Amino acid sequence: MSTSAGFPALIGFDLPGHQEGAGAPRVIVTALLDDTPPSDWMRILHRQAWPSLRLDHGVEQIRLVGQGIHFVGAIKDPRALSASVRTLFNEINATALDRRLAAMENPLDEDGPGAAPVALLASSTDPRLEDVAALLAMPAVPGMLELASAMTGMRFVAAARVTADRWTACAVRDHLDFGLRPGEDLVLETTICDEIREHRHLVQFDQASTHPVFSSHPTPALYGFESYISVPMFRRDGGFHGTLCALDPNPSKLDAATVKAFEVLAGIIGAQLDVPQESAETGQPVTSMSEALSALSRQVDALDAAMLPEQFRTVIARLRELVDARRAVLS
């Protein structure tokens, strides 16, 4: 049972965890709790975990999913890590209790849930961070993610880089406190985006629990969502980059116009991504930004042909503004 209200008790570990790839395996060690820890407890965890867990045990990320805290990285000795985590949790409970007794409010943690300190990320040589930086450098992306959330009614939206062995969040709009931040991974095999990377078609459902396929799919149950939409995101040269996805624990009722508008948003983001250097070197034909935006503009215009409900006319108008603004900058 919990040590007290808001202080989750450690009830066990899932060892040794899931391995990704054959080269440098990344292991997941999961600490199982009797309750979902509150945000102040998680902030203390992230303050006290670094750099010891990284240096001593190879932990790269900490992710909270339900009542499990996942420690992810090139972890060579999961049992030694579990002993350190047990000690760490005791220290966190003591710290949290002291702070509450002193009636002191915790300061905002700039690194937030799941993120290693910014300085450590900045010094990393991980090439994934280039993809993260590229999306975060686009001024329109936060507005587009907020628009995607508003028009679908789903409170978590992310633009993700998806490769054959990694799923990495590049830009996130999180009204669910899902706890995923730019530069962090989900285990690729646990995502629907991994399937989209292979077949390259959108996936959308309004209620997983009643869906003929996704009611038995492990991903909605693992992450606790009912409604979902994910659209492949392509670079200007046509290469697959990742996905624009949204999810929510509540069911949704998306119509064809909303799904199409979501696809257009994914297309706008993808069209602004730089063309990989190898495409130019191999002589592959590259669509210009002007051509890409013209095609997107035609998609937006095509949405007007449908009998759209009043609430979607504002969505279409904002999509057109985004496209026109980007074309004006290029001109």
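On a predicted model such as this, the values are computed, not experimentally measured, just so you know.

1. Things to note about the confidence of the model for the protein
Here comes step 1: Looking at the protein as a whole, its pLDDT mean stands at 76, while 69% of the residues score no less than 70.
Here comes step 2: Mean pLDDT values over the elements of the protein span from 41, in helix α4 (residues 118-122), up to 96, in strand β8 (residues 203-205).
Here comes step 3: Between residues 103-124, whose pLDDT stays under 50, and residues either more than four places distant or in other chains, the model counts 38 contacts.
Here comes step 4: Within the model, pLDDT remains below 50 along residues 275-287, and this stretch shows twelve contacts once partners closer than five positions in the same chain are excluded.

2. Brief notes about the environment of Pro8
Here comes step 1: Here Pro8 is to be found in the segment before β1 (10-14).
Here comes step 2: Given the relative accessible area of 4%, Pro8 is considered buried.
Here comes step 3: Residues Pro8 and Gln67 lie 59 residues apart in sequence; the distance between their C-alpha atoms is 8.9 Å.

3. Some details on the pattern of salt bridges
Here comes step 1: Overall, the coordinates contain five salt bridges when judged by the stated rule.
Here comes step 2: With a closest N to O distance of 2.6 Å, Arg166 and Asp185 form a salt bridge. Remark: Asp185 occurs in strand β7 (residues 185-186) and Arg166 occurs in the loop between β5 (156-162) and β6 (167-174); sequence separation between them is 19 residues. Exposure class is identical for Arg166 and Asp185. Each is buried.
Here comes step 3: Measuring nitrogen to oxygen at the nearest pair gives 3.1 Å for the salt bridge that ties Arg197 to Asp194.

Reading the values: the criteria
Residues numbered from 1 in each chain as written. Predicted model: local features only at pLDDT ≥ 70, side-chain atom pairs only at ≥ 80, totals over all residues. Heavy atoms only, no water. pLDDT = per-residue confidence, 0-100. Helix = DSSP H or I, 4+ residues; strand = E, 2+ residues; numbered from the N terminus. Contact = heavy atoms within 4.5 Å. Buried < 20%, exposed > 50% of the residue type's maximum accessible area, 1.4 Å probe, protein only. Salt bridge = Lys/Arg side-chain N within 4 Å of Asp/Glu carboxyl O.

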